[in-house]
Amino acid sequence: MTTAHDQMPSSNAVPPGALLWGAATSAYQIEGAAHVGGRGASIWDAFAHQPGAVERGEHGDVACDHYRLWEADLALMSQLGLRAYRFSVAWPRIHPNGRGSINTTGLDFYDRLVDGLMARGITPCATLYHWDLPLALQEHGGWLWRDTARYFADYAHSVTQRLGDRVKFWMTLNEPSAHTELGYVMGVHAPGLRRGEHYFAAMHHQLLAHGLALEPLRANVRDAQVGIAYNLAQIEPATDRSEDQEAAIRADVFAHGAYLEATLRGHYPADVAVVMPADIVEPGDLDIISRPVDVIGVNYYLRLLARAAPLREIFGYTTELVKTRRPTAMGWEEYPAGLAYWLNRLQSEYPDQTIVVTENGIGLPDRLGPAGVIADTRRIDYLREHIGVTLAALRAGVKIGGYFVWSLLDNFEWQCGYRPRFGLVGVDHHTQQRTIKASGYWYAQLIASGNLE
Ligand code: IFM
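*Asks:* Would you take a moment to explain the overall build of the protein chain for this structure?
*Replies:* Within the protein chain, the secondary structure is distributed over 15 helices and 13 strands. Against the globule reference of 22 Å for 453 residues, the protein chain gives a C-alpha radius of gyration of 21 Å, in line with a compact fold. Its C-alpha atoms put the protein chain at 60 × 55 × 45 Å along the principal axes. A buried classification covers 62% of the 453 residues belonging to the protein chain. For the protein chain, the share of sequence-separated contacts (at least 6 apart) that also reach a separation of at least 24 residues comes to 77%. By element, 53% of the accessible surface of the protein chain is carried by carbon and sulfur atoms, the whole surface being about 16,500 Å². Charged side chains in the protein chain number 39 positive and 50 negative. The centres of these two groups are separated by 4 Å.

*Asks:* Explanation requested: the site of the ligand in the structure shown.
*Replies:* Near the ligand the following residues occur: Gln29, His130, Trp131, Asn174, Glu175, Tyr301, Trp332, Glu359, Trp406, Glu413, Trp414 and Phe422. Coverage of the ligand by the protein amounts to 96% of the 290 Å² it exposes when considered alone. Tallied by class, the residues present in the shell around the ligand amount to six nonpolar, three polar and three charged.

*Asks:* Help me understand the pattern of salt bridges, please; the structure alone is not making it clear to me.
*Replies:* Between side chains of opposite charge, pairing is possible as soon as their charged atoms come close. Taken as a whole and assessed by the stated rule, the structure comprises 35 salt bridges. Residues Arg39 and Asp45 are paired through a salt bridge, measuring 2.9 Å at the closest nitrogen-oxygen approach. Look at Arg39 and you get buried, because its relative accessible area is 11%. Close ionic contact of Arg56 with Glu55 constitutes a salt bridge, the shortest N to O distance being 3.2 Å. Salt bridges here are not isolated pairs; linked through shared partners, they connect Asp108, Asp111, Asp115, Arg162, Asp165 and Arg166.

*Asks:* Please clarify how the packing of aromatic side chains should be interpreted in this entry.
*Replies:* Centre distance and the angle of the planes are the two values used to describe a pair of aromatic rings. Evaluated as defined, the whole model comprises 35 aromatic pairs. A centroid spacing of 6.0 Å and a plane angle of 65° characterise the contact between Trp21 and Tyr403, whose relative ring orientation is edge-to-face. Of this pair, Trp21 sits in strand 1 (residues 20–24) while Tyr403 is found in strand 11 (residues 400–406), placing the two residues 382 residues apart along the sequence. Summarising the burial analysis for this pair, Trp21 and Tyr403 share the class buried. Taken together, the ring pairs in this structure connect Tyr28, Trp44, Phe47, Trp131, Phe412, Trp414 and Tyr418 into an aromatic cluster. Looking at Arg150, its charged tip hangs above the ring of Tyr151, at a distance of 5.0 Å from the centre. In this arrangement the basic side chain of Arg303 is found over the ring face of Tyr335, its NZ or CZ atom lying 4.0 Å from the centre.

*Asks:* It is not clear to me how the nonpolar core should be interpreted in this structure. Could you clarify?
*Replies:* As a rule of thumb, soluble globular proteins bury nonpolar side chains together. Counting residues in hydrophobic clusters, the biggest one holds 155 residues, and the most contacted among them are Trp44 and Tyr443. A total of 11 residues in this core trace back to one element, the largest contributor, which is helix 9 (residues 198–220).

So, how was this worked out
- Residues numbered from 1 in each chain as written.
- Predicted model: local features only at pLDDT ≥ 70, side-chain atom pairs only at ≥ 80, totals over all residues.
- Heavy atoms only, no water.
- Helix = DSSP H or I, 4+ residues; strand = E, 2+ residues; numbered from the N terminus.
- Rg over C-alpha atoms; globule rule 2.2 N^0.38 Å.
- Buried < 20%, exposed > 50% of the residue type's maximum accessible area, 1.4 Å probe, protein only.
- Contact = heavy atoms within 4.5 Å.
- Areas by Shrake-Rupley, 256 points an atom, 1.4 Å probe, with all protein chains shown as cover.
- Lys, Arg positive; Asp, Glu negative; His and termini not counted.
- Charge placed at Lys NZ, Arg CZ, Asp CG, Glu CD.
- Near = heavy atom within 4 Å.
- Nonpolar A, V, L, I, M, F, W, Y, C, P; charged D, E, K, R; others polar.
- Salt bridge = Lys/Arg side-chain N within 4 Å of Asp/Glu carboxyl O.
- Phe/Tyr/Trp six-rings, centres within 6.5 Å; stacked < 30°, edge-to-face > 60°.
- Lys NZ or Arg CZ within 6 Å of the ring centre and 35° of its normal.
- Core = buried A, V, L, I, M, F, W, Y, C linked by side-chain atoms within 4.5 Å.

So, in structure tokens, the structure goes:
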């Protein structure tokens, strides 16, 4: 992905084409069609149907029905003037059992989607894994099972062999740190496991999967731009006590440093390595994990506060949300300075990489108003501020290749169900009616005119 910081003027105007402007989604959150087209079950199908797992008992069986309405959604992308669209491929649509036989109907779906994007001049950007592990692999432990990494590489081969002639931008994993923490340590996401020790195997095997997948991906995709979309929060000490300051450093190492350093420098930071069980990392693993990549994907949303928690073995810290008078529908604080912090930190720590903001957005309780308008002015302010800091970093010389709003559509927000709405386009999940929000029109004019005001 080429960057544009050389072409940036010093004013607030964005030269058209300076950044790849896009929007992002993920398969389980929008596709629906859970039992259609030969798709196998995923861990989210099982988890979401467990009583109490998701608010109001909601699930992604239908979601935004994008599997059926994909052409209408392409038309919306054109209307917004998107230059790029980041979607994820559902592993259980391609290998319904996680391994072995290929479901060509699943590949056909993404093939049509990619052709539709290209026909409209929208760059397709694919993510191979956005948390919907085939349930059949979970029966062996999911990411606790080393072989899952090998099957992921086979799956990557199947997908890139089919789409790699047209899709050049690939994220292997979405937010492996969040998947580990929420799914394997806290148990609030699928697969719903709850044990601190799971951190090591769940992390290491996802990262090994990433490294192993790079081989088929490079072989099948000429000029591929590849990376991981990392979830990066700014972590600060909850108080000025020295133990909380140490906790903040440690939280940053476990949530971010381990993932960044293993993939980009081939080692786990000392604080993680020293508590890593001896049988998890095999000789040669870190060479595989740190195979060269082209892009650092940044999924940025919030700031966290860390506190020392000596009784929380292994970690020794806890993190909490910042209390704010105006929380988002997720209970999060708006903190654009944290995005600036991460863009600058990544540029200084990993200067060879191009950075792409692969997700950034705000969950709100948007409602359809009179005359069919969704007046989400708070989202416009949020985007203006976050895009503003992104452009300021670009002007200051940070190599940034693109910016993707999370999300194109109001979608299934995991354990929160359909309550928090992240879309540039509103979705009525009863009728599947789509409505472009005020923020969608605002983003369209930004892309077309380069005017951030
Ligand atoms: O909806 C999620 C997405 O799946 C991963 N990144 C954060 C988003 C908002 O919570």
